[in-house]
Amino acid sequence: MKNQVNSIYKQAERFAEITKKNIICGNIVRAKKCLALAERLFITGSIETKNAISNVYVFSVSSFMEMRHCNISHLFPQTLKAEYIKQVNTSGV
């Protein structure tokens, strides 16, 4: 089970990297498709999948976008945006 969980987190990390590369290349349509898929996984996935999407994917992509002063609100689907807001409010930023 531990290897499976590590694998899920590594996959979320790789998926975040793909999303960020699409943003860097200006391929916003593909980045939005990645975000939509991440949202679908977050909504329908197991608890481990939801945790990986929230703790790795959303955190990684939103941190990247903030560092580059990208507008997060129009890219993130509704559920992931709510998860992002929850992370920001929890961190006390």
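Everything quoted here is computed from the prediction, not taken from an experiment. (Residues numbered from 1 in each chain as written. Predicted model: local features only at pLDDT ≥ 70, side-chain atom pairs only at ≥ 80, totals over all residues. Heavy atoms only, no water.)

(A) Local environment of the overall build of the protein. Scanning the protein from terminus to terminus reveals four helices and zero strands. In the protein, the succession of helices and strands from N to C terminus is α-α-α-α. Scored against the burial criterion, the 93 residues of the protein give a buried share of 37%. Across the protein, every contact between residues at least 6 apart in sequence was considered, and the portion connecting residues at least 24 apart equals 58%. (Helix = DSSP H or I, 4+ residues; strand = E, 2+ residues; numbered from the N terminus. Buried < 20%, exposed > 50% of the residue type's maximum accessible area, 1.4 Å probe, protein only. Contact = heavy atoms within 4.5 Å.)

(B) Focus on the packing of helix 2 (residues 28-44) against helix 3 (residues 47-67). Direction vectors running N to C along helix 2 and helix 3 enclose 150°, while the axes themselves pass 8 Å from each other. By the angle between their axes, helix 2 is roughly antiparallel relative to helix 3. Handedness of the helix 2/helix 3 crossing: left-handed. Residues Cys34, Leu35, Ala38, Leu41, Phe42 and Ile43 of helix 2 touch helix 3, and the partners they reach there are Thr49, Lys50, Ile53, Ser54, Tyr57 and Val61. (Axes fitted to C-alpha atoms, helices over the stretch in contact; angles between N-to-C directions. Parallel < 35°, antiparallel > 145°, perpendicular 65-115°, else oblique. Left-handed = near helix turned anticlockwise from the far one by under 90°.)

(C) Just the packing of aromatic side chains, in detail. In total, this model carries two aromatic pairs according to the counting rule given. Taken together, a centroid distance of 5.0 Å and an interplanar angle of 25° make the contact between phenylalanine 15 and tyrosine 57 stacked. Placement of the pair is phenylalanine 15 in helix 1 (residues 2-24) and tyrosine 57 in helix 3, with a sequence separation of 42 residues. Look at phenylalanine 15 and you get buried, because its relative accessible area is 16%. Judged by centre distance (6.1 Å) and plane angle (40°), the ring pair of phenylalanine 76 and tyrosine 84 falls under tilted. (Phe/Tyr/Trp six-rings, centres within 6.5 Å; stacked < 30°, edge-to-face > 60°.)

(D) Representation of helix 2 within the structure. Over its 17 residues, helix 2 runs 24 Å from end to end, which matches the ideal 24 Å to within 8%, given 1.5 Å per residue. Looking at helix 2, one finds that the buried residues are Ala31, Cys34, Leu35, Ala38, Glu39 and Phe42. The buried side chains of helix 2 occupy one side of the element, clustering within an arc of 140° when seen end-on. Opposite the buried face of helix 2, at more than 90 degrees from it, the exposed residues are Val29, Lys33, Arg40 and Thr44. (Expected span 1.5 Å × (residues − 1). Arc of directions from axis to C-beta.)

(E) Geometry of the environment of glutamate 48. If you trace the backbone, glutamate 48 turns up in helix 3. The class for glutamate 48 is partly exposed, based on a relative accessible area of 28%. Put simply, glutamate 48 and tyrosine 9 are 39 residues apart on the chain and 8.6 Å apart in space, counted from C-alpha to C-alpha.

(F) Structural detail: the pattern of salt bridges. Counted according to the given criterion, the structure contains two salt bridges. Taking the shortest distance from any N to any O, the salt bridge between lysine 20 and glutamate 17 comes out at 2.9 Å. Of this pair, lysine 20 and glutamate 17 both sit in helix 1, three residues apart, which is roughly one turn of the helix. As a salt-bridge pair, glutamate 83 and lysine 86 come within 3.3 Å of each other at their nearest N and O atoms. (Salt bridge = Lys/Arg side-chain N within 4 Å of Asp/Glu carboxyl O.)

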